[in-house]
Amino acid sequence: MKIKGEEHMNKIQTATLRLAQASDGNPVTTTLTVILFYVLINMLFYVIEKLFFGGQFVHVFDVFLAMAAIAYSTYAVYWCAIYNSTKE
């Protein structure tokens, strides 16, 4: 499915549109997908710190990573609305 102006979209817009298409425009599914990726990234950070450094670091920027995940979830819901409005 093509969306008007899709050829002029940047990479983040295109990836978010593909996420909306993969979830068939369901905002709950896209939000859960973004949350799952956030949890998996945090688990990856924990495993790397534990394996290579023997302990955990103080995570000052975790708040910003969480805010970025929330913002991207909101953006994904927006693209679900666009996808649903152009669905035929």
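Everything below is about the structure shown above.
Cut-offs and rules
- Residues numbered from 1 in each chain as written.
- Predicted model: local features only at pLDDT ≥ 70, side-chain atom pairs only at ≥ 80, totals over all residues.
- Heavy atoms only, no water.
- Helix = DSSP H or I, 4+ residues; strand = E, 2+ residues; numbered from the N terminus.
- Buried < 20%, exposed > 50% of the residue type's maximum accessible area, 1.4 Å probe, protein only.
- Contact = heavy atoms within 4.5 Å.
- Areas by Shrake-Rupley, 256 points an atom, 1.4 Å probe, with all protein chains shown as cover.
- Polar contact = N/O pair within 3.5 Å; in protein donor to acceptor, adjacent residues only side chain to side chain.

Colleague: Looking at this model, I keep getting lost on the overall build of the protein. Mind explaining?
Modeller: A count of helical and extended segments in the protein gives three helices and zero strands. Of the regular secondary structure in the protein, the N- to C-terminal order runs α-α-α. Sorting the 88 residues of the protein into buried and exposed places 22% on the buried side. Long-range contacts, defined here as pairs at least 24 residues apart, represent 71% of the contacts in the protein between residues at least 6 apart. Surface accessibility of the protein: about 6400 Å² in total, with carbon and sulfur atoms responsible for 71%.

Colleague: Even after reading the chapter, I still don't get the side chain of Thr30, so can you show me in this structure?
Modeller: Considering the arrangement of structural elements, one finds Thr30 in helix H2 (residues 27–53). Judged by its relative accessible area of 0%, Thr30 is buried. At a separation of 2.9 Å, a polar atom in the side chain of Thr30 contacts the main-chain carbonyl oxygen of Pro27. What Thr30 contacts, discounting residues up to four positions off in sequence, is Leu19, Ala20, Ser23, Ala76, Val77 and Cys80.

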